[in-house]
Number of protein chains: 2
Amino acid sequence: MMKKIPVLLMGCGGVGRYLLQHIVSCRSLHAKMGVRLRVVGVSDSKSLVVPIDVLKEELNDEYLSEVCRVKSTGSPLTTLGGLGGYRVVNDPESRSETKALEELLGKSTGLAVVDCSASMETIELLLKAVDLGCCVVLANKKPLTSTMEHYDKLVLHLRRIRHESTVGAGLPVIASLNRIISSGDPVHRIVGSLSGTLGYVMSELEDGKPLSQVVQAAKTLGYTEPDPRDDLSGMDVARKALILARLLGKRLIMDSIKIESLYPEAMGPGLMSVEDFLQNGIVKLDENIEGRVKRASSNGCVLRYVCVIEGSSVQVGIREVPKDSPLGRLRGSDNIVEIYSRCYEKQPLVIQGAGAGNDTTAAGVLADIIDLQDLFP
Amino acid sequence: MMKKIPVLLMGCGGVGRYLLQHIVSCRSLHAKMGVRLRVVGVSDSKSLVVPIDVLKEELNDEYLSEVCRVKSTGSPLTTLGGLGGYRVVNDPESRSETKALEELLGKSTGLAVVDCSASMETIELLLKAVDLGCCVVLANKKPLTSTMEHYDKLVLHLRRIRHESTVGAGLPVIASLNRIISSGDPVHRIVGSLSGTLGYVMSELEDGKPLSQVVQAAKTLGYTEPDPRDDLSGMDVARKALILARLLGKRLIMDSIKIESLYPEAMGPGLMSVEDFLQNGIVKLDENIEGRVKRASSNGCVLRYVCVIEGSSVQVGIREVPKDSPLGRLRGSDNIVEIYSRCYEKQPLVIQGAGAGNDTTAAGVLADIIDLQDLFP
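Residues numbered from 1 in each chain as written. Chains lettered and ligands numbered in written order. Predicted model: local features only at pLDDT ≥ 70, side-chain atom pairs only at ≥ 80, totals over all residues. Heavy atoms only, no water.

Participant: Explain the relation of the copies chain B and chain A to me, and be specific about the residues and the numbers.
Facilitator: Note that the two copies of the chain are related through a rotation about an axis and a translation along the same axis. Least-squares fitting of chain B to chain A yields an RMSD of 0.0 Å, with the superposition described by an axial translation of 0.0 Å and a rotation of 180 degrees. Here the transformation between the copies is reduced to the relation of a two-fold axis. Of every C-alpha in chain B, the one belonging to isoleucine 351 of chain B sits nearest the axis of rotation, 2.4 Å from it. In this assembly, 100% of the residues forming the interface of chain B have copies in chain A that are likewise at the interface, indicating an isologous arrangement. (Least-squares fit on C-alpha atoms with pLDDT ≥ 70 in both. Contact = heavy atoms within 4.5 Å.)

What follows is the structure, given as structure tokens:
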């Protein structure tokens, strides 16, 4: 008997687009596993595409490929034609239509609401989905790093929410932590290098290159956000750290995390343009960082931009770590997480590998969806 | 609403005993998660203890602690009194009673049959459990490394079998591989150091110590089996490699694995006593290994006892690996697994940590049981 999992995807740019491609290319694999993903809706920030009869119909693979093609050109879903039995619903009706879809399927066949956007605007639809007993899968970090009230509501049905790809892309960090937690093994400490960009920057600094040059190279390689300060601020790492800390039961908010930004406030996005920062701002930071790299080296250490979760504290910033530790040996853009617990007391459980990229992130989302199959009729 | 998972435990020596302790000590944690494990039967190779009315009763925590106490002294379950509403059923009736228990619960409330033995004798009861739709959780490697016929029957209901602790103890190797598989990310190659004992031996050899001395020290530290040849033969690593290979869909049997034993046949258990091997046999192997260590070192490499799974081949034995690779940097008794796939192509996904020990192994089994909760009413 084939399990059917109806999927509603919010956010079909980068990660979401790869997810749709993976869903289509895994059809025969999933059939062998006895599962079929029925994509019953896809939305971007402006529009929702749905079959006219969502209970009977789904968006077929040809149409999903067309969605991917349109999104890969950077166009909005609005440009898609209605085609055969499908409707394109535009803003503002798209939100109420999405809610109606959740209500209809949440109560009948079950529904997996998948959020691959990077926006807080999905929160209302996610909370509604939880209320209705739908399953929720997130690659989007923002809903999980919002207020504790939002968080508590989102994780109300612990088994119905998955969010592996919010930390370390497809790396099995959340799944592994959940296993450790459910086995009653108390986690004492987590140390992680959770930004591919900052991992690359830190390991390049070791070789004596100036920060300004390394960041420029990272930008050229496509490793950074369009404004590299989005990486250098440490906010992205802090979000991931908060997600891990909350998973461990710590009731913290973003404001309680001590974050070390790699640039001073005076060089912030409100006060300096990207161009100005890259041409004139960042060079002023080279000397200080160079000194820190040298001091670390004289201690047998290297600098890493890490998060440290321990007790009730979460800290995010540059740390000296021994050259010879798993963290110190990390090179390039890999992520690494070290988990210390009763079972992994002296030597941590280490999970390491590519922690970014649309393909890998989407693979993590897909594994999350498949892992929900037992909750569907 | 509290989910109830009835558990039948086969094998309550080392790992099984720790599992019972973990189950008892996690009561309030699991209650918060909405789950309750009802232990409805515990067996060793000779006896089964069950409540008189398994549908209504379970073995209470006081009795489970008594089971742990008795087993920790090395005594058989037979020595336990029947106490209140419990029965102790001895061999040969214990097997038919176990089967009756599986039938009764498998069809009504569902049942998780947990095998923490290290024996092939449980296979009949496991296959019966699968037939009845029970869930199966294994720490026991032998059933999964038996014939393909046995294997196919055991994994018939993919979602109802878990066996994380058969490879790397509690390390999330199987869970991670299952995620990679279900996301359609093809695994090209797995390289692993999956024996804590051989990991320790190999890293000690690096320092120039003779094999005989290292093995003797490992035995004294309690790192080896009573007969260290059980570790040195590589059979245990081969079993783990076969389990990983079969998970990837490779239809292989133990005989198709090329295994390099660290001692020659003439020093095998049938031909030489343990004492003779340790006093007179193993020293004859020192020179050869010392030469290999030196040759590796001159290539910038160290020796590791690894499994390599690639294409249709599984190989188990000593390999030279670069000093500077995750495998080469491995020290002590940690396990490590490197997984290469489309998403982890140049740099592997690495999972590393303690891969042995009753506590850690039992934690992996417990996480497996909890992860089955959605299959119970």
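Participant: Could you give an account of the confidence of the model for chain A, with specific residues and numbers?
Facilitator: Taken over all residues, the pLDDT of chain A has a mean of 95, while the share at 70 or more is 99%. The complex model carries a pTM of 0.96, and its ipTM stands at 0.96. (pLDDT = per-residue confidence, 0-100.)

Participant: Which residues make up the side chain of aspartate 286 of chain A, and what values go with them?
Facilitator: Residues and elements named next belong to chain A. Among the structural elements, aspartate 286 can be located in helix H13 (residues 286-298). Notably, aspartate 286 is buried but unbridged: the nearest opposite-charge side chain belongs to lysine 284, and the N-O separation is 12 Å. Excluding residues that lie within four positions of it along the chain, aspartate 286 makes contacts with Pro210, Leu211 and Ser212. (Helix = DSSP H or I, 4+ residues; strand = E, 2+ residues; numbered from the N terminus. Buried < 20%, exposed > 50% of the residue type's maximum accessible area, 1.4 Å probe, protein only. Lys, Arg positive; Asp, Glu negative; His and termini not counted. Salt bridge = Lys/Arg side-chain N within 4 Å of Asp/Glu carboxyl O.)

Participant: Explain the environment of aspartate 255 of chain B residue by residue, including any values.
Facilitator: For aspartate 255 of chain B, the position within the fold is in the loop between helix H11 (235-247) and strand E9 (258-259). Note on aspartate 255 of chain B: relative accessible area 72%, which makes it exposed.

Participant: Quick one: what's the story with the UniProt feature "binding site: NADP(+)" (unreviewed entry) in chain A, residue by residue and with numbers?
Facilitator: All names here are of chain A. Mapped onto this structure's residue numbering, the UniProt feature "binding site: NADP(+)" (unreviewed entry) falls at Gly11, Cys12, Gly13, Gly14, Val15 and Gly16. Summarising the element assignment, glycine 13 is placed in the loop between strand E1 (3-10) and helix H1 (14-25). The residue glycine 14 is located in helix H1 in this model. (UniProt positions renumbered as here; feature names shortened; annotations may be inferred.)

Participant: Can you tell me about the sheet that holds strand E4 (residues 86-90) of chain A, naming the residues and giving the values?
Facilitator: All names here are of chain A. With mixed pairing, seven strands are arranged side by side in an open sheet as E4-E3-E2-E1-E5-E6-E7. The strands lining the two open edges of the sheet, one partner per strand, are E4 and strand E7 (161-162). Bridge count for strand E6 (residues 135-138) against E7 is two bridges, and the pairing is parallel. Its bridge partner being in E7, valine 136 is matched across the sheet by isoleucine 161. Here H1 sits on the sheet and contacts E1, strand E2 (35-43) and strand E5 (112-115); the angle it forms with E2, its principal contact strand, is near 150 degrees. Contacts from helix H5 (residues 123-131) reach E1, E5 and E6, with the element oriented near 145 degrees to E6. (Pairing = 2+ DSSP bridges. Axes fitted to C-alpha atoms, helices over the stretch in contact; angles between N-to-C directions.)

Participant: How would you summarise the sheet that holds strand E8 (residues 187-193) of chain B if you had to cite specific residues and measurements?
Facilitator: In space, the 12 strands of this open sheet follow the order E9(A)-E11(A)-E10(A)-E8(A)-E12(A)-E13(A)-E13(B)-E12(B)-E8(B)-E10(B)-E11(B)-E9(B), with mixed pairing throughout. At either margin of the open sheet sits one strand with a lone partner, and together these are strand E9 (258-259) of chain A together with E9 of chain B. When E9 of chain B meets strand E11 (residues 313-322) of chain B, the two strands line up parallel, connected through two bridges. Paired with lysine 258 of chain B across the two strands is glutamine 315 of chain B, which belongs to E11 of chain B. On top of the sheet, helix H11 (residues 235-247) of chain A reaches strand E8 (187-193), E9, strand E10 (301-310) and strand E11 (313-322) of chain A; it is set at about 40 degrees to E10 of chain A, its chief contact.

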